[in-house]
Amino acid sequence: MAGNWKMFKTPAETTAFFEKFRPLVEKASHCEVVICPPFTNLAAAVDAVKGSNIRIGSQNIAWAKEGAFTGEISGPMLKAVGATHAIIGHSERRQYFGESDETVLKRTQAALEFGLTPIVCVGELLAEREAGNTEAVLTGQFQKGIAGLTEQQFAKIVIAYEPVWAIGTGKTATPEIAADAHRTIRGQVRTKFGKDAADAVRILYGGSVKPDNVKSLMAQPEIDGSLVGGASLDAAGFASIVNF
């Protein structure tokens with residue numbers, strides 16, 4: 001169960017959040033709990049969760065170890081601050097900042113090289129769904145990006161299905177729609193990496209997940225967890241999602 005804070009909270013607000021959140025999820029042994037704050041809050045977040053079952057991730061990662069890449073953060077930098085995960089290819093990065101399937105692959109490979117767990121996002125636009133192209137979009141994103149990994153690399157990643165039309169809109173895919181997309185993704189994994197890999201990979205659902213719909217989503221066998229946006233900003237609310 002992962003939280004993506006996007007461009008919210010200061011370091012002081014981050015510390016205050018974890019003071020409330022930690023005791024609410026300390027018995028959550030049924031899942032891995034990850035929160036991905038803005039880069040400026042990573043140090044405060046890592047310090048706030050020391051000794052707990054909560055892991056801290058970044059919202060992006062550069063594909064290079066170092067160099068002239070203004071505005072980017074490298075894997076060694078993230079490891080040094082204590083991050084363990086990295087969100088890659090989020091729809092907002094794809095929509096607003098030119099992220100492509102090819103750069104998603106490069107960033108994923110970099111995360112793995114430097115010992116971070118990639119949470120790799122795929123998902124379709126509303127127009128693509130309405131045109132009946134969801135399967136083709138997901139297949140293309142998988143084949144142009146994730147499929148470029150080796151079997152050993154793939155075994156270390158997490159995939160997040162994020163229908164773009166459900167992110168920040170208040171709209172949520174029905175559990176059945178979400179599960180169907182997850183089956184498409186898992187089918188691609190089976191074709192490329194085999195049945196064992198398809199059975200083992202964790203595929204998260206992201207898209208307006210809230211305390212009142214998480215149970216119905218998680219009841220779907222195909223859905224292995226959630227990547228939560230706005231609802232992860234509230235300690236009690238996100239705790240109820242984690243403890244569904």
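Structure's up top.
What counts and how
Residues numbered from 1 in each chain as written. Predicted model: local features only at pLDDT ≥ 70, side-chain atom pairs only at ≥ 80, totals over all residues. Heavy atoms only, no water. Helix = DSSP H or I, 4+ residues; strand = E, 2+ residues; numbered from the N terminus. Rg over C-alpha atoms; globule rule 2.2 N^0.38 Å. Buried < 20%, exposed > 50% of the residue type's maximum accessible area, 1.4 Å probe, protein only. Contact = heavy atoms within 4.5 Å. Areas by Shrake-Rupley, 256 points an atom, 1.4 Å probe, with all protein chains shown as cover. Pairing = 2+ DSSP bridges. Axes fitted to C-alpha atoms, helices over the stretch in contact; angles between N-to-C directions. Right-handed = clockwise from strand over helix to strand, strands pointing away. Phe/Tyr/Trp six-rings, centres within 6.5 Å; stacked < 30°, edge-to-face > 60°. Parallel < 35°, antiparallel > 145°, perpendicular 65-115°, else oblique. Left-handed = near helix turned anticlockwise from the far one by under 90°. Nonpolar A, V, L, I, M, F, W, Y, C, P; charged D, E, K, R; others polar. Expected span 1.5 Å × (residues − 1). Bend = angle between axes of the 7 residues up to and from the residue.

(A) Structural context of the overall build of the protein chain. Tallying secondary structure elements over the protein chain gives 12 helices and eight strands in all. Taking 18 Å as the expected radius of gyration for a compact globule of 244 residues, we find that the protein chain reaches 17 Å, a close match to that expectation. Along the first, second and third principal axes, the C-alpha atoms of the protein chain reach 45 × 45 × 35 Å. Across the 244 residues that make up the protein chain, the buried fraction comes to 54%. Restricting the contact set of the protein chain to residue pairs at least 6 apart, pairs at least 24 apart contribute 70%. As presented, the protein chain carries roughly 11,000 Å² of accessible surface, and 53% of it is formed by carbon and sulfur atoms.

(B) Expanded view of the sheet that holds strand 4 (residues 85–88). One closed barrel accounts for eight strands, arranged 1-2-3-4-5-6-7-8; its pairing is parallel. Each neighbouring strand pair of the sheet contributes to a mean axis angle of 30°, computed without reference to strand direction. Note: strand 1 (residues 2–4) against strand 2 (residues 33–36), three bridges, orientation parallel. Directly across from A2, in strand 2, lies its bridge partner V34. Its contacts with the sheet place helix 5 (residues 101–113) against strand 4 and strand 5 (117–122), and it is angled at close to 165° to strand 5.

(C) Layout of helix 12 (residues 235–242). Across the eight residues that make up helix 12, a large majority, six, are buried. Along helix 12, the residues that are buried comprise A235, G237, F238, A239, I241 and V242. Of the surrounding elements, those touching the buried residues of helix 12 are strand 1, helix 1 (11–25), strand 2, helix 11 (214–218) and strand 8 (225–228).

(D) Unusual backbone geometry, seen in detail. A positive phi angle, near 55°, is found at K6, a position not held by glycine. Structurally, the position occupied by K6 is in the loop between strand 1 and helix 1. Non-glycine residue K9 carries a positive phi angle of around 80°. Within the fold, K9 resides in the loop between strand 1 and helix 1.

(E) Examining the pairing of strand 4 more closely. Neither face of strand 4 is open: one carries H85 and I87, the other A86 and I88, and all of them are buried. Strand direction decides the pairing type here: strand 3 (residues 54–58) and strand 4, joined by two bridges, are parallel. Counterpart to S58 in the pairing with strand 4 is A86. Regarding topology, helix 3 (residues 75–81) serves as the crossover connection from strand 3 to the parallel strand 4, and that connection is right-handed. Inspection of the sheet shows strand 4 paired to strand 5 by four bridges, in the parallel sense. The residue of strand 5 that forms the bridge with I88 is V120.

(F) Structural context of the packing of aromatic side chains. Tallied over the entire structure, the rule returns 11 aromatic pairs. Geometrically, the ring pair formed by F142 and F193 is edge-to-face, given 6.4 Å between the ring centres and 75° between the ring planes. Taken as a pair, F142 in helix 7 (residues 134–144) and F193 in helix 9 (residues 175–193) lie far apart in primary sequence, 51 residues in all. Of the two residues examined, F142 and F193, each falls in the buried class.

(G) Structural context of the packing of helix 7 against helix 9. The contact between helix 7 and helix 9 brings their axes to 10 Å, and the two run at 40°. The orientation of helix 7 relative to helix 9 falls into the category oblique. Pair helix 7 / helix 9 crosses with right-handed handedness. Each of E135, L138, T139, F142 and Q143 in helix 7 lies in contact with helix 9, whose residues at this interface are A181, T184, I185, Q188, V189, K192 and F193. Grouping the constituent residues of the contact of helix 7 with helix 9 by class yields six nonpolar, four polar and two charged.

(H) How the structure looks around helix 1. Its 15 residues give helix 1 an end-to-end C-alpha distance of 21 Å, which sits within 8% of 21 Å, the value for a rise of 1.5 Å per residue. The sharpest bend along helix 1 measures roughly 30° and falls at E19, with the proline P23 sitting one to four residues further on. All of the buried residues along helix 1 are T14, F17, F18, F21 and V25. Along its buried surface, helix 1 packs onto strand 2, helix 2 (42–48), strand 3 and helix 12.

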